[in-house]
There are 4 protein chains.
Amino acid sequence: MAGSTLGHLFCTTTFGESHGPAIGAVVDGCPPGLELSAQDLQIDLDRRRPGTSRHVTQRQEPDQVEILSGVYQGKTTGTPIALLIRNTDQRSQDYGNILDTFRPGHADYTYQQKYGIRDPRGGGRSSARLTAPVVAAAGIAKKWLKEHYGIEFVGYMSQLGDLAIPFEDMAHIPHNPFFAPNQTMIPELEDYMDQLRKQGDSCGAKITVTATGMPVGLGAPLFDKLDADIAYAMMGINAVKGVEIGSGFASVSERGSFHGDNLTPEGFTSNHAGGVLGGISTGQDLVVSIAIKPTSSILTFKDSIDATGNPVQVQTKGRHDPCVGIRATPIAEAMLALVVMDHVLLHRAQCADVRSATPVIAAQNPQTL
Amino acid sequence: MAGSTLGHLFCTTTFGESHGPAIGAVVDGCPPGLELSAQDLQIDLDRRRPGTSRHVTQRQEPDQVEILSGVYQGKTTGTPIALLIRNTDQRSQDYGNILDTFRPGHADYTYQQKYGIRDPRGGGRSSARLTAPVVAAAGIAKKWLKEHYGIEFVGYMSQLGDLAIPFEDMAHIPHNPFFAPNQTMIPELEDYMDQLRKQGDSCGAKITVTATGMPVGLGAPLFDKLDADIAYAMMGINAVKGVEIGSGFASVSERGSFHGDNLTPEGFTSNHAGGVLGGISTGQDLVVSIAIKPTSSILTFKDSIDATGNPVQVQTKGRHDPCVGIRATPIAEAMLALVVMDHVLLHRAQCADVRSATPVIAAQNPQTL
Amino acid sequence: MAGSTLGHLFCTTTFGESHGPAIGAVVDGCPPGLELSAQDLQIDLDRRRPGTSRHVTQRQEPDQVEILSGVYQGKTTGTPIALLIRNTDQRSQDYGNILDTFRPGHADYTYQQKYGIRDPRGGGRSSARLTAPVVAAAGIAKKWLKEHYGIEFVGYMSQLGDLAIPFEDMAHIPHNPFFAPNQTMIPELEDYMDQLRKQGDSCGAKITVTATGMPVGLGAPLFDKLDADIAYAMMGINAVKGVEIGSGFASVSERGSFHGDNLTPEGFTSNHAGGVLGGISTGQDLVVSIAIKPTSSILTFKDSIDATGNPVQVQTKGRHDPCVGIRATPIAEAMLALVVMDHVLLHRAQCADVRSATPVIAAQNPQTL
Amino acid sequence: MAGSTLGHLFCTTTFGESHGPAIGAVVDGCPPGLELSAQDLQIDLDRRRPGTSRHVTQRQEPDQVEILSGVYQGKTTGTPIALLIRNTDQRSQDYGNILDTFRPGHADYTYQQKYGIRDPRGGGRSSARLTAPVVAAAGIAKKWLKEHYGIEFVGYMSQLGDLAIPFEDMAHIPHNPFFAPNQTMIPELEDYMDQLRKQGDSCGAKITVTATGMPVGLGAPLFDKLDADIAYAMMGINAVKGVEIGSGFASVSERGSFHGDNLTPEGFTSNHAGGVLGGISTGQDLVVSIAIKPTSSILTFKDSIDATGNPVQVQTKGRHDPCVGIRATPIAEAMLALVVMDHVLLHRAQCADVRSATPVIAAQNPQTL
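All figures in this text were calculated on a predicted structure; none of them were measured in a lab.

Turning to the packing of helix α1 (residues 38-48) of chain A against helix α3 (residues 131-149) of chain A, a few remarks are in order. When two helices pack together, their arrangement is given by the angle between the helix axes and the distance between those axes. Residues and elements named next belong to chain A. Closest axis-to-axis distance for the α1/α3 pair is 8 Å, and the angle between their directions is 135 degrees. Here α3 runs oblique to α1, going by the angle between their axes. For the crossing formed where α1 meets α3, the hand is right-handed. Seen from α1, the contacting residues are Asp40, Leu41, Asp44, Leu45, Arg47 and Arg48; seen from α3, they are Thr131, Ala132, Val135, Ala136, Gly139, Ile140, Lys142 and Lys143.

A few words on helix α2 (residues 108-115) of chain B. Buried residues dominate α2(B), accounting for seven of its eight residues. Within the span of α2(B), buried status applies to B:Asp108, B:Tyr109, B:Thr110, B:Tyr111, B:Gln113, B:Lys114 and B:Tyr115. Structurally, α2(B) contributes buried residues whose contacts are with β12 (263-264), β13 (267-268), β14 (276-277), β15 (280-281) and α7 (329-351) of chain A. One or two positions beyond α2(B), positive phi appears at B:Gly116, with a value near 75 degrees.

This part is about the layout of surface pockets. Residues and elements named next belong to chain A. In this structure, the largest pocket spans a volume of roughly 430 Å³. The wall of the largest pocket is formed by 18 residues, among which Asp44, Arg47, Lys142, Glu152 and Phe153 lie closest to the centre. Secondary structure elements with two or more residues in the lining of the largest pocket: α1, α3 and β8 (152-160). Across the lining of the largest pocket, the residue classes break down as nine nonpolar, one polar and eight charged.

Residues and elements named next belong to chain A. Using the residue numbers shown here, the UniProt feature "binding site: NADP(+)" (unreviewed entry) corresponds to Arg48 and Arg54. Relative to the assigned elements, arginine 48 resides in helix α1. Those residues within four positions of arginine 48 in sequence are excluded, and the remaining contacts are Asp63, Ala128, Arg129, Thr131, Ala132, Val135, Arg327, Pro330 and Ile331. The residue arginine 54 is located in the loop between α1 and β4 (65-67) in this model. Assessed through its relative accessible area of 43%, arginine 54 is described here as partly exposed.

The sites that UniProt annotates as "binding site: FMN" (unreviewed entry) are A:Arg125, A:Ser126, A:Ser127, A:Asn238, A:Ala239, A:Gly278, A:Lys293, A:Pro294, A:Thr295, A:Ser296, A:Ser297 and A:Arg319. An extended arrangement is adopted by the annotated residues: their sequence extent is 195 residues, and the largest C-alpha distance between any two is 44.0 Å. Its location among the elements puts A:Lys293 in the loop between β16 (286-292) and β17 (302-305). In contact with A:Lys293, other than residues within four places in its own chain, are A:Gly105, A:Cys203, A:Gly204, A:Ala239, A:Lys241, A:Val324, B:Ser251, B:His259 and B:Leu277. Within the structure, the side chain of A:Lys293 is placed 2.9 Å from the backbone oxygen of A:Gly105, a separation counted as a polar contact. Tracing the backbone shows A:Ser297 in the loop between β16 and β17. If near-sequence neighbours (up to four positions away) are discounted, A:Ser297 is found in contact with A:Arg103, A:His106, A:Thr316 and A:His320. Within polar-contact distance, the side chain of A:Ser297 engages the side chain of A:His106 at 2.7 Å.

Take the sheet that holds strand β8 (residues 152-160) of chain B next. Here ten strands make up an open sheet; going across it, the order is β9(A)-β8(A)-β10(A)-β16(A)-β11(A)-β11(B)-β16(B)-β10(B)-β8(B)-β9(B) and the pairing antiparallel. Looking along the sheet, the strands with just one partner apiece sit at the ends: β9 (163-164) of chain A together with β9 (163-164) of chain B. Where β8(B) lies against strand β10 (residues 205-212) of chain B, eight bridges are found, and the strand directions are antiparallel. Bridge pairing in β10(B) places B:Leu160 opposite B:Ala205. The strands touched by helix α5 (residues 226-235) of chain A within the sheet are β10 (205-212), β11 (240-245) and β16 of chain A together with β11 (240-245) of chain B, with β11(A) carrying the most contacts at an inclination of about 155 degrees.

Turning next to the interface of chain B and chain A. Contact residues are listed per partner, giving 112 residues for chain B and 111 residues for chain A. Here chain B and chain A share an interface that buries about 8,800 Å² over both sides, 61% of which is from carbon and sulfur atoms. If you sort the residues of chain B by the area they bury against chain A, B:Lys114, B:Phe223 and B:Lys241 come out on top, with a joint share of 10%. Counting every contact that joins chain B to chain A gives two salt bridges. Residues A:Asp162 and B:Arg255 are paired through a salt bridge, measuring 3.1 Å at the closest nitrogen-oxygen approach.

The next thing to look at is the pairing of strand β7 (residues 81-86) of chain D. All names here are of chain D. Most of β7 is tucked away: five of the six residues are buried. In this structure, strand β3 (residues 22-28) lies alongside β7, joined through six bridges in antiparallel fashion. Residue pairing in the sheet places alanine 25 in a bridge with leucine 83 of β7. Summarising the sheet, strand β4 (residues 65-67) and β7 pair through three bridges and their orientation is antiparallel. Looking across to β7, one finds that glutamate 66 is bridged to leucine 84.

Chain D puts 111 residues into the contact, and the matching count from chain C is 111 residues. In total, chain D and chain C occlude about 8,700 Å² of area from one another, counting both sides; carbon and sulfur atoms represent 61% of this. Linking chain D with chain C are two salt bridges. Where chain D packs against chain C, one counts 47 residue pairs in polar contact (both at pLDDT 80 or more). Here the residues of the side of chain D that touches chain C are counted per class, giving 52 nonpolar, 41 polar and 18 charged. As defined by bridge partners, strand β11 (residues 240-245) of chain C adjoins strand β11 (residues 240-245) of chain D across three bridges and the pair is classed as antiparallel. If you follow C:Gly242 over to β11(D), its bridge partner there is D:Glu244.

The rules we used
- Residues numbered from 1 in each chain as written.
- Chains lettered and ligands numbered in written order.
- Predicted model: local features only at pLDDT ≥ 70, side-chain atom pairs only at ≥ 80, totals over all residues.
- Heavy atoms only, no water.
- Axes fitted to C-alpha atoms, helices over the stretch in contact; angles between N-to-C directions.
- Helix = DSSP H or I, 4+ residues; strand = E, 2+ residues; numbered from the N terminus.
- Parallel < 35°, antiparallel > 145°, perpendicular 65-115°, else oblique.
- Left-handed = near helix turned anticlockwise from the far one by under 90°.
- Contact = heavy atoms within 4.5 Å.
- Buried < 20%, exposed > 50% of the residue type's maximum accessible area, 1.4 Å probe, protein only.
- 1 Å grid on protein atoms, 1.4 Å probe; cavity = no way out; pocket = protein on both sides within 12 Å on 5 of 7 lines; lining within 4 Å.
- Points joined across faces, edges and corners; volume = space filled by probe spheres on them.
- Nonpolar A, V, L, I, M, F, W, Y, C, P; charged D, E, K, R; others polar.
- UniProt positions renumbered as here; feature names shortened; annotations may be inferred.
- Polar contact = N/O pair within 3.5 Å; in protein donor to acceptor, adjacent residues only side chain to side chain.
- Pairing = 2+ DSSP bridges.
- Buried area = accessible area lost by both parts, 1.4 Å probe.
- Salt bridge = Lys/Arg side-chain N within 4 Å of Asp/Glu carboxyl O.

What follows is the structure in structure tokens.
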């Protein structure tokens, strides 16, 4: 309720500041009996880690996660799982100039006004670094969901700045620094980023995340709809300014005769709904897109004010991502996984007796909840 | 927690089905001492009411709200305010054909699969009719926020199907059946809708909602960010498939040098952020846009299956809105008001001692929380 | 969250004031498919109803409950179940003298100080009348728990004022106006109450509630322990000043060699724990006792102050229970049922995969969760 | 929601097992600007620490707390405060015999049945060691409440086994190993405990906790009553089997003419209510008593079963408290502080506008909320 906890039954509470001694999360509500090790969580942490290509920040954060509780002899016990990540690479001097000025596009001003005090080092609590514990926590959900229901999460970049990225094949995603489902366009994307860096500017990105192997029936209307909780989680990611489910904003200009996905004994014939109808999963893939704004930390000078309200010129030096969206794919996957996990537990609570074992469209959700 | 409650401290719990005896809401957490009558809530209920023009459903639902508790001698007492709206115009026969078939684009299939049972009359719980109690509940928040902080909410239609609606003046909104901030374009919009009705088809719409007089400092990061809770609430409205804050998806192709709103001693020089930075309000107007999909209830025949999985052709007769977006503006305003109200209370709880009475940019939030 | 909702997954939100137009509750989270009618809920409402003997208040409140939603063709649909009870017998003039004075032992003073306003008619929100919606809501839980797991709830009076009531047989409970599990002592109890009424005074009572057919494994430590949630719910009943689980305060002077319940292949050999160890149910009967203070509304004059702080003498006329404990048994059963129901759902969410189908002590929990 | 979080707005989420690498808590919702250091929290941690006298366990646990986040330059920032306590003195071999047997009176059986797996080392999650993070977290609340409202918490032992401890003076509490408000009786208490240890047995205790300087108006009826949340928190302490507010169970045999506390312009003339009426604080001292059962870990042999259900004889060696109640006083104070802190924030949210600055009985709550 105090704002740092995500989830109703699978609850992730994060803590920490960018340059404090440590960041981490407490994951409460994980079912017992899941085989779990720190290495399971390290996989996605490494995917979001900085310094992996010239197109992202060169900060070196190993982001080694330590499991402090909730696991006994390699298995979860049903008790809270505490995850700890010690901060290592803190060059606070990089951020000297933000101690007494408000960086445009950043949360400096709002945190200062809300709390009357803020930890300015590296953006403190509002730093994108705080997505690391979320990614670690989601690693637990991802493993459990895959083992129990075969649900998996795949995200990719669908647009970089002005460049739309045509979908070619999921197989390409791990083989380029952009998480792009595209091979032919990579050189163009790299030139684009090199240009941007030279200019000391930044750009935004559009990320699309999907969940496959989804069961039908997840979602708790009217308010805790599956897509509502997804929108909430996605908007909770730093720099996200928009969320779409399925057709999203394109549905505004679609006709009802086209948009409504037809049903057949073999399943739906299209997925404009993005896998959700009336706030409840249809058994089709979830398809979610998010808009990520351009990085606010740039070398270009911008107008701002200092802590006393006097006008200043701000230039943000330091080692920043020219496009935070490049590292956002594993984070968006993580958020989607946490929401789906939460709703699987919510569904088991209220509807465990419902025979979703024999759905009308058997093909689309073989597994039962 | 069970899905029908919105808000952390200003909690709206709704109940009811489209054709049941009644629908309503319990609003818990309203501060005491607010002068309140049913008439205060009727204003917005009438704005969303059907049958007000030929472009919306011709159902006649007076939607008279009754206050059952929480008000004594015309003032709120701090106890739960129960709102009751009796259902009157129920022609269940209109919906006969949906008893044993799943309407494409509707929640029939997902509700049946989740619960193993559903009230099919008028869409039951998944009917847009259930937005009425939300609008009534938000009337309480709107009145309190206006009296205490001068916060007001104005929404309008920014796109109807393929037609973008240029912003002319807020003053036009009440004077046309579309809530359009535009006068010159109304005839075109009316022709567009007449065409659509003749075709027995439907279209989507884009609605933009704003909050003015916003204080700085609302929002509870990391997860219960103001924009995250807004996205959650908006996606909870029937037929919404996308949510944007400020520049939204346009920010993807913007440069950091452009997107970041500059600060000056007189305030921000632009509002690409839509009034939120780091999940906390900046004191600027909140600007939120939502995508509403085309109505799924259309006269055009579509492929579907019946309860036993056999293929059928579905045509949805009855009195439907050819564009549910036309009546969505007061609903979107309501959701925004409920979220802002909730965050004002959350802020008072944790930060009542913070001197937001003397903000750095005094001009932008004269009032204190 | 705003204080009027009980439960994590099976959520009961109550509303209403003693002399307002109506009182009621919204029950959210009830599993679908339960056969339910208003009559099912009327049974316990009639057990707590006033005017059933000369030993309780002579107010006539039929307390007819109406189901407004969540039930279709006689079965729950999984959507919120709204329960409405219209207030009928309101003689506000009986309470004229409490409009501007604070009755000792009542909530008049604290409500006035907290909210700056209060509905004084019949005690407003703080009236024991508000236990009626709780009893109605619990009727749903009781029916579901009995049908699914054979869990049943039986409460009785174990002490009336100074008179301890020896346990004879559960069978006696329905056959006397005190819910006493005792036949021989009834005349003595009746004389005791007649005396008290003549004196215009009141007394307290101790109520014991049990749950039989309990499965092992209910409870969500560390904080949402089964016994912690029970204590919370019981202390939420008007006039309750103490809660005990099992041996309760007697355990203070017990030795560990005696108190710890031995285990055998046939089960536990005693139940000093009251059915809970480490916050989790053992599979034995739950045994909970509560202390109910003497009715504060009495004819004896007491010192108090008026709204402006001046000393006054207060005598509470009107039709009051000389011992509110006499009608408290069905209320205590209701609270226990709501908590157990909630924890059954919580357990299904997190531990549905655990083989509690084959417990170590099969005899004690044949059913699986 | 998953059971390991206490509080609505001041949220304490604990994690850890007795013999895992670490235990700790995340405190979310603390107001910004509070001067805070680890030393502030160490004071109460040392009061509950084992090994401080011959009457408690001789385990050596320094319980050094580390603050990982939420504090910048010595002040709280309003972000989550993570508290870490590394486990040091773990002689798991002491507990060898409980790996495959269920100790009577312990949570071994229920945890195994609920989760199908448990960490048996030192009782794992169900160990009283987990009260340390609660005490640390409460240190934050205690400091804030004292500085802002002058609210303070004092607890003491009111009964040890069969020996009632007459109240002499609060001043005696820190000067004996029992937290007894009594000087003359200490030798008797020491002999009593020495006897018990020789017998290899254990006893229970009754602890009374008070809060002074309470404002009027705390509590959120109908369900989140101040006393209901107190009962919930107290029952969450290991080994607690009963909770009383004010007169508690004594009120059962009291008369209404006696129990109801009279009001005068100078305040209440007695405090049988224990500082709560209708679930809301009266401005008098809170008075709460709890019953703690005898330690279940004793040298006496008891009947039990092993993991496969076969009968065994269990003797619990190791270094145990012959009366866990002796160290429970700081823990009970901590729980009370956490609940009061939470309700202060809840009250500020809903009733910040109420003029509790000018209460009817000014003497009793000088401060405003």
